[in-house]
Amino acid sequence: MCFILNPIDTVENISPEDFKKNYLDPRRPLVIKGLTKSWPAREKWTPEYLKQVVGNKVVPLYDNSKADPSKPINSSATEMPFDEYIDLIRSKPTELRIFFFNIFKQAPQLLDDIVLPKDLMGGFLESMPAMFFGGSNSVTFLHYDIDLPHIFHTHFGGRKHVILFENKWKRRLYCIPNATYALEDYDVLNPDVKKFPALDGVEGIEVFLEHGDTLFMPTGYWHWMKYVDGSYSLSLRAWDASISRKAASLYNLAIKGGVDSALKMMFKGKYAKYREGLAVKWANRELAAGKPF
């Protein structure tokens, strides 16, 4: 036994009232398969079309290696022209992925191909749609988004494996202190519970996204993602309505993120080792106390 992974709720379409009552307010994940059926992007955003509109713009690429404690979070591993990268992920497996790419600055006409689901909720950050690309074998490490948005994550061109956890499990997931990501020393798909016993019994949700599927990830949800096929996703972000959640977002961005980056640059490996040890200590304490309740 390790993680207890349940299937996600899945609908073809959903009314605003049902969405608010059963998913937005209680902060429950959902897959909406038909949300994008009216989007031009669903058929139009082929790899060849994206290559055509973005061209040879050089983009930073990330791999599956553990973060270097001497560098800021999300430091790239290499870079490549966008069109060459698309050819790469279509031709063979690779760990290389594009992270949080504002493709709309390069090709603003793409905004005409999507529809913000404002009928389901308000608060969308219209200036912050972003895309993510990955080759088969590329993995997004286990984390939650520091600014705490609700996310509508639509996948294109293949399949993506996603595992989600409520934020209440963060210490049992070996959350790194002053950060929004987990210890990177265990394999989320096959964790060693003898070495990381706090993972045993943690409850989560598992889903395989297919072309056109939209995953609603509520604020604060931990997520791990693996590209099964070379493919890409669009994330639309929206603020939670509560004042407390907005305040927590600002705190994370201004204090937690800033302090973490400063300490990493000052103390490098020593700081990384210290907080990894603290993550293990906190996880064992949470497990011993039987938390979360």
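So, here's what we can say about the structure. Predicted model, so just to flag it, every value in this text is computed and none were measured.

## Side note on the sheet that holds strand E14 (residues 231–238)
Phase 1 of the analysis: Read across the sheet, 7 strands follow the order E2-E3-E12-E9-E14-E7-E6 without closing on themselves; strand pairing throughout is mixed. Two strands close off the open sheet at either side, each with one partner strand: strand E2 (10–11) and strand E6 (97–101).
Phase 2 of the analysis: Sheet analysis places strand E7 (residues 130–134) next to E14, joined by 5 bridges and oriented antiparallel. In the strand pairing of E14, Gly134 is matched with Ser231.

## Looking at helix H4 (residues 82–91)
Phase 1 of the analysis: Among all positions of H4, only Phe82, Tyr85, Ile86, Leu88 and Ile89 are buried. Buried residues of H4, viewed axially, fall in a sector of 160°; they line one side.

## Regarding the nonpolar core
Phase 1 of the analysis: Ranked by size, the top nonpolar core spans 42 residues in total, and within it Phe19, Trp45, Phe82, Tyr85, Ile103 and Phe133 carry the most contacts.
Phase 2 of the analysis: With 5 residues, H4 is the single largest residue contributor to this core.
Phase 3 of the analysis: Setting aside its immediate chain neighbours within four residues, Trp45 contacts Leu50, Phe104, Leu110, Asp113, Ile114, Met131, Phe156, Tyr232 and Leu234.
Phase 4 of the analysis: Counting residues in each nonpolar core, the second largest holds 27 residues, with Ile163, Trp222, Ala279 and Ala283 among its members.

## A word on a nonpolar patch on the surface
Phase 1 of the analysis: Together, Tyr251, Ile255 and Val259 make up a nonpolar patch on the protein surface, roughly 260 Å² of accessible area in all.
Phase 2 of the analysis: With respect to the element layout, Val259 can be found in helix H6 (residues 243–288).

## Brief notes about helix H3 (residues 47–54)
Every α-helix winds through 3.6 residues per turn, so residues three or four apart in the chain are directed the same way.
Phase 1 of the analysis: Inspection of H3 places Tyr49, Leu50, Lys51, Val53 and Val54 among the buried residues, and these make up the whole buried set.
Phase 2 of the analysis: Looking at the packing, one finds that the buried side of H3 touches helix H2 (41–44), H4, E6, helix H5 (103–106), E7 and E14.
Phase 3 of the analysis: Phi turns positive one or two residues past the end of H3, at Gly55, with a value near 70°.

What counts as what
Residues numbered from 1 in each chain as written. Predicted model: local features only at pLDDT ≥ 70, side-chain atom pairs only at ≥ 80, totals over all residues. Heavy atoms only, no water. Pairing = 2+ DSSP bridges. Helix = DSSP H or I, 4+ residues; strand = E, 2+ residues; numbered from the N terminus. Buried < 20%, exposed > 50% of the residue type's maximum accessible area, 1.4 Å probe, protein only. Arc of directions from axis to C-beta. Core = buried A, V, L, I, M, F, W, Y, C linked by side-chain atoms within 4.5 Å. Contact = heavy atoms within 4.5 Å. Patch = residues over 30% accessible without salt bridge, like charges linked within 9 Å, V, L, I, M, F, W, Y side chains within 5 Å. Areas by Shrake-Rupley, 256 points an atom, 1.4 Å probe, with all protein chains shown as cover. Salt bridge = Lys/Arg side-chain N within 4 Å of Asp/Glu carboxyl O.

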